[in-house]
Amino acid sequence: MRDYRLLIFDLDGTLVDSIGRIVAAMHQAADQCSMPRRSDEAVKGIIGLALPEAITTLYPELVEAAHVERFRVSYSDCYVAMDQTPSAFFAQVEQSLAQFRAQGYQLAVATGKSRRGLQRILDALGWQEYFDITRCADETASKPDPRMLHEILQHCGVPAGQALMIGDSSFDLLMAQRAGMDSVAVGYGAQTLTALSAYEPKLSINHFMELSAWLNQTVAEPQTEESEHVG
C-alpha cells in the first residue's frame, strides 16, 4: 500500500451534510426563474461541478449567459438564506481531521463551492488556517478537470502518488483519476457507492471514521511486512 502524505477532501457531501440544502435551493431557484424543477436525483448528480456548469447541465436550454447568471444568483441567494447556520459536519469528521493533522498529514479541500461560500464556512468554524490549501471552482477549472488537484499538489510539494482524493461524486473520483491520484469513495453523500465503483476507488466507505482505520492500516502494513523479512 502507498504511504500517503496529503489528504484532499471534497466538502459538500463528504465533510459537510449539505446535500439536502443544495437540492432545496436548486428547486427554489428553478421556481424563481420559472424553470421546471429537476428531480432530487438529477440535482444530486451535478453536485461537485462549478455552479455555472451545474446549471447548464441541469438546464441545457439556458443558452444565454444572462439567463444562467440569473439562475446562479437566485440559487446562491436561496442557499445563503438557508445556510445562516452552516451545515453540520458528518459524524466523526472533526475528530478525524484533528487526528490526521496530529499524525502529520497535510490536509486540503477541493470543492465545487465558490470561494465566498467556502470562506463563509471556514470563518464560522474559525478554521481560516486549518487546511494547508483550499481550492474552489470559481478560481480554477471545474471538476472533473484535474487542474485544482495539480495546484494543490504543487503547493504542498507532494507527488500525485502520495496524495488521496476523498469525495462523494463521480466528478471527484474522475478528477483524481485524471490527476494520477488514488481516491476514496464516500457513500453517504450525493451518489451511491455502486455508481462510484466505476471509478475504481482504493476504498469505499459509508462512515467517515472508516477512513482513519484504513489509513492506519496502510501505515502499519509495510512495517509488518518488513519485520516478517528480518533475520
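Quick notes on the rules
- Residues numbered from 1 in each chain as written.
- Predicted model: local features only at pLDDT ≥ 70, side-chain atom pairs only at ≥ 80, totals over all residues.
- Heavy atoms only, no water.
- UniProt positions renumbered as here; feature names shortened; annotations may be inferred.
- Helix = DSSP H or I, 4+ residues; strand = E, 2+ residues; numbered from the N terminus.
- Core = buried A, V, L, I, M, F, W, Y, C linked by side-chain atoms within 4.5 Å.
- Buried < 20%, exposed > 50% of the residue type's maximum accessible area, 1.4 Å probe, protein only.
- Contact = heavy atoms within 4.5 Å.
- pLDDT = per-residue confidence, 0-100.
- Arc of directions from axis to C-beta.

In the annotation of an unreviewed UniProt entry, the entry for the protein chain reads Phosphoglycolate phosphatase, and the organism field reads Phytopseudomonas flavescens. UniProt lists a comment for the protein chain under the heading Cofactor (unreviewed entry), and it reads "Mg(2+)".

Caption draft 1: Representation of unusual backbone geometry in the model. A cis amide bond links Lys 143 to the next residue, Pro 144, at an omega of 5°. Of note, Glu 200 is a non-glycine position whose phi angle comes to about 55°, a positive value. Here Glu 200 is to be found in the loop between α9 (193–196) and β6 (203–205).

Caption draft 2: A look at the nonpolar core. Core analysis: the biggest nonpolar cluster contains 32 residues, and Phe 9, Leu 15, Leu 97, Phe 100 and Leu 211 have the highest contact counts within it. Sorting the residues of this core by element identifies β1 (6–9), α5 (93–102), β2 (106–111), α6 (115–125), β4 (163–167), β5 (182–186), β6 and α10 (209–228) as the ones contributing at least two each. Here Leu 211 is in contact with Phe 9, Phe 100, Leu 164, Ile 166, Val 184, Leu 203 and Ile 205, once residues within four sequence places are set aside.

Caption draft 3: Seen up close, the confidence of the model for the protein chain. Taken residue by residue, the protein chain gives an average pLDDT of 91. The fraction at 70 or more is 94%. The low-confidence segment residues 222–231, where pLDDT is below 50, has 0 contacts with residues more than four positions distant or belonging to other chains.

Caption draft 4: Layout of α6. Turning to α6, its buried residues number three or more, namely Gly 117, Leu 118, Ile 121 and Leu 122. What you see down the axis of α6 is that its buried residues fit within an arc of 130°, all on one side. Turned more than 90 degrees from where α6 packs its buried face, Arg 116 and Ala 124 sit exposed. Its buried side turned inward, α6 meets β2 and β3 (133–136). At the C-terminal side of α6, Gly 126 shows a positive phi close to 70°.

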